[in-house]
Each structure stands twice: as structure tokens, then as C-alpha cells.
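Close look at the chain arrangement
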Amino acid sequence: FVSSKKQNKKPPKLQVGKRQPHFGSCIRYKCGLINTIQDVLRQRPNWVEVKDDEEWDFNWCDVGWLRENFDHTYMEEHVRINHFRNHYELTRKNLMVKNLKRYQKNLERDFGRTEAARCDFFPSTFALPSEYHLFVEEFNRSPGSTWIMKPVSKSQGKGIFLFRKLKQIMDWKKVDSSRSEEQKDVENYVAQRYIENPYLINGRKFDLRVYVLVTSYVPLKVWLYRDGFARFSSTRFSLTTIDDKYMHLTNVSVQKTAPDYNPEKGCKWQMQQLRRYLTAKHGREMIETLFKEMDNIFVRSLQSVQKVIINDKHCIELYGYDILLDQNLKPWLIEVNASPSHTHSSQEDYDMKYRLLEDTLNVVDMEGRLTGKEKRVGGYDLMWNNGPVYREDVNLQTFGSLCFTANTHLGCVNDREKQLCQLLKPFPPQRKL
């Protein structure tokens, strides 16, 4: 008999979570971020933080840790981590568009143009420098239109600029050609047609941050959070100038540097406030249609990467979707974030993000308090479970008709405390270590 250790010539993987936690035992966690998630984890009953070299059951890591350690870590059955191995297939701007274009093309081939048209929710986008010539062809078809350049893997508005003249891109391309190969890999860009007719409130542009939790890609299981927010620019919108970042970029990290930024007032509306405003102005039916179109964006974008994401039962992913509305109330997918900011800009913002992260842990259910058949957990509603999920109050006799309503409540009342009290057993008393 030869032990498995002697047979294995490769370096051993780091093993985590050697014991299976059970109801009432402590959950050992690691957290690589210092913001709201740290507060949520520390205040969770029976959860204990461990050091870097200690075993853990749950790990809320940044993507840098994932990249360096995931392939060298063996995880027991119950262990969970907050990213999929190649999450970037959806969260890098160039790969997101690549996957969406392929998915749309496959839909047209298999089901026709009508079905493919349901993916018409992202602006015309080209990866640079690899698709530079394709971009130039498209650019020349509509001279004078506005385009926006974005680094494929940066966030918080870094490196973004608007342009209308090809010379600006030619200048950028010359600079790009002088970079080293290592720099080029970091500085790849996308050129995206700018939405020139955004929906405005009080003359100001805004976009939406929506939270979508994926607990499995095979089968696809998707939860939509009821809360979210709209992020407003501090300057009234106009196309007469394209150089004012406070006018065109709604990122909070950009807006809080504006000369007239008021930290107490902030630049956000909660999703419920926005939905009430839009409903009062345009009527319930039109806004219901708008939110259904956003549901379509969430599901289709995830389906576009379903076959390329490395599914792993240990992984979850909390995505931050950025959606822009145009003046016709058409929603556009701008980008998807793998690490949406949990840093707060106000007390209201902190409270919302705290509830979001707390409910994320409730869905992950390390304590084993759920049955696995829930359609709602706190502020999360199950919107897709290997197929669309419908509200329980729908008459089953209407199956196949338009009366079937999706189980989504974005921007609706979030009575999560009441729902959690009805759903979950109380936490067991905390044991002393």
C-alpha cells in the first residue's frame, strides 16, 4: 500500500474547511476587504474571523486573492467563496461584449431575428486596439456622433473620456503602439457609442446600480435584490461640451470630487424613490414594462456567459449591474461589476448595503437554516432557477399566458425583517471558543 501523499508528486493544495459545520457550530471566515462587509461578518452570530494561515469555511476575498490562490486551494463540500474562477468573462468590458455578441448571433441562428433582438440592450462597442478597423468603419457611418473610451478592467471612472473626432483615437493609438506588451495588456480599451439621449431628472443624467446574486451557473440560479439606487451627476446634462466629467460620468467616486458636492445630500436616490417617481410621471404599465426589460437584461447577460463560466458549487457572485435609461425609457446595459463598492457615501447608503450583504449571507446559508425551496430570502427574490420563476400568487391555470408574472420586485417595498422572521429559525446561542 502506497499513501496518496507519496503518489502525488505535485505540490499539495492548501486545504480549507476540513470539518463540516452544523447548526449551532461556529463558521470560520476570512475577509480581505475593510468596509461594510467586514461589519456584517463580525456581527453575524457564531461567525468567527480567522487569520491568513488558518482554515476557513467562508471567504469574502478580493479578485487579486482569487487570482493568486484559487487554483491552489482544495475546498471541502460546505466551503463557500464569493467569486467564480473566471468571473471576468462578464465583468471585463471587452469580454462582456464579446460574449453578448456571440450569444446574440447564436440566438439569431437558432431562433431567428426576433429572439436575437431581445439582446439589443448594449451600445455598439469595439475592443481596441484589436477591433480598431471595425470601429473606424462604424464611426464613419455616423460622423459627428459621440463615443466614449473606457479601460476594459478599471473602475470608478478612471481613464474614461468622450470623443467625436477620429484624430483623438489616432493620437491614443500612437501612444498605445509605444507601450510595452505588459502595458498594453493592462491598458486595453473599449470604444462604445455614447447614449446621447439619456433620461434626465431635473436636467441631470443618472444610471442605476442593481444587485444580482448568482449561486450557480449549472443550473443557472439567479437572485435579484429589491434595493439599489440611482447615481446622479452634479451638473446639468448637455452635449455642447464632452469634457466635463461631472456632467457625463455618474460614478460616485467622480461626483464626490465635484466642487459643489454635498456629502450629506449625496448624489443618490434609492430604487424605491426612483420607481415611485417614474410611475407617477409615466404610469404603472409603462414602468412595469421598463422593469421587465431590465429583468431580461439580467437573465440574458448571465446566459451569454453560462457556458464559459467555470461553474463551481463552492462559488457565488454578487454582481453590480450598471443600467442607463434613455429618454424613451429603454434600459441599456453599460457594464457589470464583480466587486461592486460596499463603501458607503451616507448613513442611508450604509444601511442599504449592510442589508444587502446580510441577505447575501442568508441566501448562502452556511448555518443550514433554509430548505432550498425558497423563492424569497430577505430582500432577495429568486428570479431564475433553471428557468423563469413566477410569483406564488399567480393562478396556475394561466400557465403559458401573459398573466404569468415574474418573481421580481426591484424597487418595491422591502419588508425583509418581517419576511426573515417568518422564514428563518432564530440563530442558536453563540458558543464560547
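Residue positions are given per chain, counted from 1 along the sequence in the order it is written. Two thresholds apply to this predicted model, a pLDDT of at least 70 for residue-level local features and 80 or more for giving and counting side-chain atom pairs, whereas whole-chain, interface and lining totals are computed over all residues. Calculated side-chain values reflect all of the structure's heavy atoms, with hydrogen atoms and water omitted.

Quick notes on the overall build of the protein chain
As a reminder, the rule being used: Every helix listed is a DSSP run of H or I at least four residues long, and every strand listed is a run of E at least two residues long, numbered separately from the N terminus. When checking whether two residues touch, look at their non-hydrogen atoms; a contact exists if any pair is within 4.5 Å. To be clear on the numbers: accessible area is Shrake-Rupley with a 1.4 Å probe, and residue cover counts the displayed protein chains and nothing else.
The helix and strand tally for the protein chain stands at 15 helices and 18 strands. Residue pairs at least 24 apart in sequence account for 68% of intrachain contacts in the protein chain once pairs closer than 6 positions are excluded. Accessible surface, the protein chain: about 22,200 Å² in total, of which carbon and sulfur atoms supply 50%.

Some words on the sheet that holds strand β7 (residues 125-128)
The condition is simple: We treat two strands as partners when DSSP finds at least two bridges between them. To obtain each axis, a line is fitted to C-alpha atoms, and for helices this fit is confined to the stretch in contact; angles are then taken between N-to-C directions over 0 to 180 degrees.
Strand order in the open sheet formed by 4 strands is β7-β10-β8-β9, with antiparallel pairing between adjacent strands. Lying at the two open borders of the sheet, with one neighbouring strand each, are β7 and β9 (161-163). Mean inter-strand twist for the sheet, computed between neighbouring axes without regard to direction, equals 25°. By the bridge criterion, 4 bridges tie β7 to strand β10 (residues 189-193) in an arrangement that is antiparallel. Within the sheet, the bridge partner assigned to threonine 125 lies in β10 and is glutamine 192. Strand contacts of helix α5 (residues 93-111): β7, β8 (147-151) and β10, with the helix running at about 130° to β7, the strand carrying the most contacts. The strands touched by helix α7 (residues 132-141) are β7, β8, β9 and β10; relative to β7, the strand with the most contacts, the crossing angle is about 145°.

Some points on the nonpolar core
Note the threshold: Nonpolar cores were defined as sets of buried Ala, Val, Leu, Ile, Met, Phe, Trp, Tyr and Cys residues, with membership established by side-chain atoms within 4.5 Å. The rule is simple: take the accessible area with a 1.4 Å probe, protein chains only, and divide by the maximum for that residue type; under 20% is buried, over 50% is exposed, in between is partly exposed.
Leu208, Tyr217, Phe298, Leu302 and Tyr321 are the most contacted members of the largest nonpolar core, which has 58 residues in total. When residues of this core are assigned to their parent elements, the largest contribution, 9 residues, is made by helix α13 (residues 284-305). When near neighbours in sequence (up to four residues on either side) are disregarded, leucine 208 contacts Phe229, Ala230, Met271, Leu274, Met294, Tyr321, Asp322, Ile323 and Leu325. By size, the runner-up hydrophobic cluster in this structure holds 32 residues, among which are Trp60, Trp223, Ile316 and Leu356.

Details of helix α15 (residues 416-423)
Let me state the cut-off plainly: Each direction from the helix axis to a C-beta atom contributes to the arc, which is the arc of those directions.
Every buried residue belonging to α15 is among Arg416, Gln419 and Leu420, and all of these are buried. The buried residues of α15 occupy an angular sector of 100° when projected down its axis, which confines them to one face. In α15, the exposed positions that point more than 90 degrees away from the buried face belong to Lys418, Cys421 and Gln422.

So, the sheet that holds strand β2 (residues 27-31)
Across the sheet, 4 strands lie side by side as β3-β2-β4-β6; this open sheet has parallel pairing. The sheet is open, and its two borders are formed by β3 (47-49) and β6 (80-81), each paired with just one other strand. As judged from the 3 bridges shared by β2 and strand β4 (residues 58-60), these two strands associate in the parallel manner. When the sheet's bridge partners are listed, lysine 30 is paired in β4 with asparagine 59. Contacting β3, β4 and β6, helix α14 (residues 347-364) crosses the sheet at an angle of about 145° to β4.

Describing the packing of α14 against α15
What counts, and what does not: To sort the angles, those under 35 degrees are grouped as roughly parallel, those over 145 as roughly antiparallel, those from 65 to 115 as roughly perpendicular, and the leftovers as oblique. Crossing handedness follows the turn of the near helix against the far one: under a right angle anticlockwise gives a left-handed crossing, and clockwise gives a right-handed one. Asp, Glu, Lys and Arg are counted as charged, while Ala, Val, Leu, Ile, Met, Phe, Trp, Tyr, Cys and Pro are counted as nonpolar; the rest, among them Gly, fall into the polar class.
The geometry of α14 relative to α15 is characterised by a closest axis approach of 13 Å and an angle of 20° between their N-to-C directions. Classed by the angle they form, the pair α14 and α15 counts as roughly parallel. Like other packed secondary-structure pairs, α14 and α15 cross with a definite hand, here left-handed. Between α14 and α15, the residues in contact are Arg355, Glu358, Asp359 and Asn362 and Arg416, Glu417 and Leu420, respectively. Among the residues making up the contact of α14 with α15, the classes are represented as 1 nonpolar, 1 polar and 5 charged.

Considerations on the pattern of salt bridges
Short version of the rule: Take a side-chain nitrogen of Lys or Arg and a carboxyl oxygen of Asp or Glu: if they are within 4 Å of each other, that pair is a salt bridge.
Within this structure, the stated rule accounts for 25 salt bridges. Residue arginine 28 is joined to aspartate 57 by a salt bridge in which the shortest nitrogen-to-oxygen separation is 2.8 Å. Separated by 29 residues along the polypeptide, arginine 28 in strand β2 and aspartate 57 in the loop between β3 and β4 bring together distant segments of the chain. By relative accessible area, arginine 28 is classed as buried at 14%. For the salt bridge of aspartate 71 with arginine 85, the shortest nitrogen-to-oxygen distance reads 3.0 Å.

So, the environment of serine 124
Along the chain, the position of serine 124 falls in the loop between α6 (113-116) and β7. On the basis of relative accessible area, serine 124 is assigned to the partly exposed category, the value being 27%. For the pair serine 124 and arginine 193, spaced 69 residues apart in sequence, the C-alpha separation works out to 5.5 Å. Beyond its immediate chain neighbours, meaning those up to four positions away, serine 124 contacts Glu138, Trp147, Ala191, Gln192 and Arg193.

A short note on the pairing of β10
Among the 5 residues that make up β10, 4 are buried, leaving the element largely enclosed by the rest of the structure. Bridge count for β8 against β10 is 5 bridges, and the pairing is antiparallel. Across the sheet, residue lysine 150 finds its bridge partner in β10, namely valine 190.

A closer look at the packing of aromatic side chains
Stated precisely, the cut-off is as follows: Within 6.5 Å between ring centres, the rings of Phe, Tyr and Trp (the latter by its six-membered ring) count as paired, and their orientation is classed by plane angle as stacked under 30 degrees, edge-to-face over 60, tilted in between. We call a charge positioned over a ring when the NZ of a Lys or the CZ of an Arg lies within 6 Å of the ring centre and within 35 degrees of the ring normal.
Going through the model one piece at a time under the given rule, you end up with 24 aromatic pairs. Measuring from ring centre to ring centre gives 6.0 Å for phenylalanine 135 and phenylalanine 163, while their planes differ by 70°; the resulting arrangement is edge-to-face. With a gap of 28 residues between them, phenylalanine 135 in helix α7 and phenylalanine 163 in strand β9 connect regions that are remote in the sequence. Judged by its relative accessible area of 0%, phenylalanine 135 is buried. Phenylalanine 163 gets classed as buried once you look at its relative accessible area, which sits at 0%. Both rings, one in phenylalanine 139 and one in tryptophan 147, keep their centres 6.4 Å apart while their planes meet at 40°; by these two values the pair is tilted. Among the aromatic residues, those joined into a ring-pair cluster are Phe126, Tyr132, Phe135, Phe139, Trp147, Phe161 and Phe163. Taking the ring centre of phenylalanine 126 as reference, the NZ or CZ of lysine 101 above it sits at 5.0 Å. We note lysine 268 situated over the ring of phenylalanine 229; from NZ or CZ to the ring centre the distance is 4.0 Å.

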